[in-house]
Amino acid sequence: MAKLTALLLFVATSLMVSAQVPSFLSNASISLGFAVQPQDRRIFDFPSWVLENETTEHDFEYSLLFSKSIIEKNRWGTYFIGGYSINHATFGRPFDHPYFTGIFSKELRVIEHYLTHNLNLGINPRFTIAERNSSSFYLQAPLLAKIAIKKHINDNWNFGTSKKFNKWLLEPNNVELYLGLGCRLKKVDIGLACRAVNLQHKDPVLFYPSLFNTANPEFLQTKYEWNNPTKIWLTASYQLGEVE
């Protein structure tokens, strides 16, 4: 009897989930994103050889995002955005070793690759400019809040063994507002946007007291800053369910 009851519960639950999935996936999509921006080359009072030896110029971001329509009215629509992204920095700059190890160190190791893993939450208001059949052309203004969950560094050490630095965490990274365009062709959606506003947490891995000749530098007295180097973001999305 117990087995029969459990089986009936399982079947009933499966039917309920199956009935809800199509509804949940309607007006929902999954997207891959790629973004590029100039490196943050601020090294303050650190010796200029850091800049002189640098051969790369840009940082990159890769994202996997889920979006779903939450408001649709006439030509206006608002989409929820959630997902995951990785910031990839390649500037061979010094970094704060104790942030990862908890041990004071003056090894002067510099970055080869610096990855910041982020959770993404936000909204994307859209206004449809033109629409025909299953295709449309629209304006968009994605607003994203990013929370750093892991930081990883491979160092570039020329005098011995290289090290890998890892730290799991949960701290604000930045809030970004983009402005851009998009085009939907049936179930495929291509978007291109430029970042308009960026409020970011001053990264303690990159900005720390040893970069300054003065004690308690003014730059480190606040945790956040408005800093917006040009960032271009390209997304390619696929509609998971039917458009209602």
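Residues numbered from 1 in each chain as written. Predicted model: local features only at pLDDT ≥ 70, side-chain atom pairs only at ≥ 80, totals over all residues. Heavy atoms only, no water.

Caption draft 1: Representation of the environment of Asp45 within the structure. Its place among the elements puts Asp45 in the loop between β1 (28-38) and α2 (49-52). Separated by 169 residues in sequence, Asp45 and Thr214 have C-alpha atoms that sit 9.0 Å apart. If sequence neighbours within four positions are ignored, Asp45 has contacts with Leu211, Phe212, Asn213 and Thr214. (Helix = DSSP H or I, 4+ residues; strand = E, 2+ residues; numbered from the N terminus. Contact = heavy atoms within 4.5 Å.)

Caption draft 2: Main features of a nonpolar patch on the surface. Taken together, the side chains of Ile30, Leu32, Leu64, Val188, Ile190, Leu192, Ile232, Leu234, Tyr238 and Leu240 present a nonpolar region at the surface, about 860 Å² in accessible area. Looking at the nonpolar patch, the elements that each hand over two or more residues are β1, β8 (188-201) and β10 (232-239). Tracing the backbone shows Val188 in strand β8. (Patch = residues over 30% accessible without salt bridge, like charges linked within 9 Å, V, L, I, M, F, W, Y side chains within 5 Å. Areas by Shrake-Rupley, 256 points an atom, 1.4 Å probe, with all protein chains shown as cover. Salt bridge = Lys/Arg side-chain N within 4 Å of Asp/Glu carboxyl O.)

Caption draft 3: Representation of the side chain of Gln37. For Gln37, the location among the structural elements is in strand β1. For Gln37, a relative accessible area of 17% gives the class buried. Beyond its immediate sequence surroundings of up to four residues, Gln37 is in contact with Glu57, His58, Asp59, Arg195, Pro229, Thr230 and Lys231. (Buried < 20%, exposed > 50% of the residue type's maximum accessible area, 1.4 Å probe, protein only.)

Caption draft 4: Spotlight on empty space enclosed by the protein. Applying the stated criterion across every chain, the model contains 2 cavities of 30 Å³ or more. Space inside the largest cavity adds up to approximately 560 Å³. What lines the largest cavity is a set of 34 residues, and nearest its centre among them are Gln37, Asp59, Asn87, Gln200 and Leu206. Going through the elements one at a time, β1, β2 (58-73), β3 (76-89), β4 (110-132), β6 (143-156), β7 (164-185) and β8 are the ones with two or more residues in the lining of the largest cavity. Examining the composition of the lining of the largest cavity, we find that 5 residues originate from one element, β7, more than from any other. Grouping the constituent residues of the lining of the largest cavity by class yields 13 nonpolar, 11 polar and 10 charged. Size it by volume and the second largest cavity reaches roughly 180 Å³. Taken together, 18 residues line the second largest cavity, and the ones lying closest to its centre are Ser31, Asn124, Arg126, Gln140 and Thr235. (1 Å grid on protein atoms, 1.4 Å probe; cavity = no way out; pocket = protein on both sides within 12 Å on 5 of 7 lines; lining within 4 Å. Points joined across faces, edges and corners; volume = space filled by probe spheres on them. Nonpolar A, V, L, I, M, F, W, Y, C, P; charged D, E, K, R; others polar.)

Caption draft 5: Spatial organisation of the environment of Gly191. In this fold, Gly191 is placed in strand β8. Judged by its relative accessible area of 2%, Gly191 falls in the buried class. With 45 residues separating them in the primary sequence, Gly191 and Ala236 have C-alpha atoms 6.5 Å apart. In this structure, Gly191 is in contact with Gln140, Leu181, Gly182, Trp233, Leu234 and Thr235, ignoring residues within four places of it in sequence.

Caption draft 6: Fine view of the pairing of β10. Only one face of β10 is covered, namely the one carrying Trp233, Thr235, Ser237 and Gln239; the face carrying Ile232, Leu234, Ala236 and Tyr238 has none of its residues buried. Two elements, β1 and β10, share 8 bridges in a ladder whose sense is antiparallel. Considered in β10, the bridge of Phe34 is made with Leu234. Note: β8 against β10, 7 bridges, orientation antiparallel. Following the sheet pairing, Gly191 is matched in β10 by Thr235. (Pairing = 2+ DSSP bridges.)

Caption draft 7: Inspection of the confidence of the model for the chain at higher detail. With 87% of its residues at a pLDDT of at least 70, the chain reaches an overall mean of 88. Residue range residues 13-19 is modelled with pLDDT below 50. Its contacts to residues more than four positions away, or to other chains, number 0 contacts. (pLDDT = per-residue confidence, 0-100.)

Caption draft 8: Molecular detail of the nonpolar core. With 21 residues, the main nonpolar core has Phe95, Phe100, Tyr114, Ile153 and Val205 as its most contacted residues. Mapped by element, the contributors of at least two residues to this core are α3 (97-101), β4, β6 and β7. Setting aside anything within four residues of it in sequence, one finds Ile153 in contact with Phe95, Phe100, Ile111, His113, Tyr114, Lys163, Lys164, Phe165 and Val205. By size, the runner-up hydrophobic cluster in this structure holds 7 residues, among which are Ala35, Leu65, Tyr178 and Trp233. (Core = buried A, V, L, I, M, F, W, Y, C linked by side-chain atoms within 4.5 Å.)

Caption draft 9: Quick look at the environment of Thr222. Note on placement: Thr222 falls in the loop between β8 and β9 (224-226). A relative accessible area of 43% means that Thr222 is categorised as partly exposed. Sequence separation between Thr222 and Lys202 is 20 residues; the distance between their C-alpha atoms is 8.1 Å. Only 2.7 Å separates the side chain of Thr222 from the side chain of Lys202, close enough to count as a polar contact. (Polar contact = N/O pair within 3.5 Å; in protein donor to acceptor, adjacent residues only side chain to side chain.)

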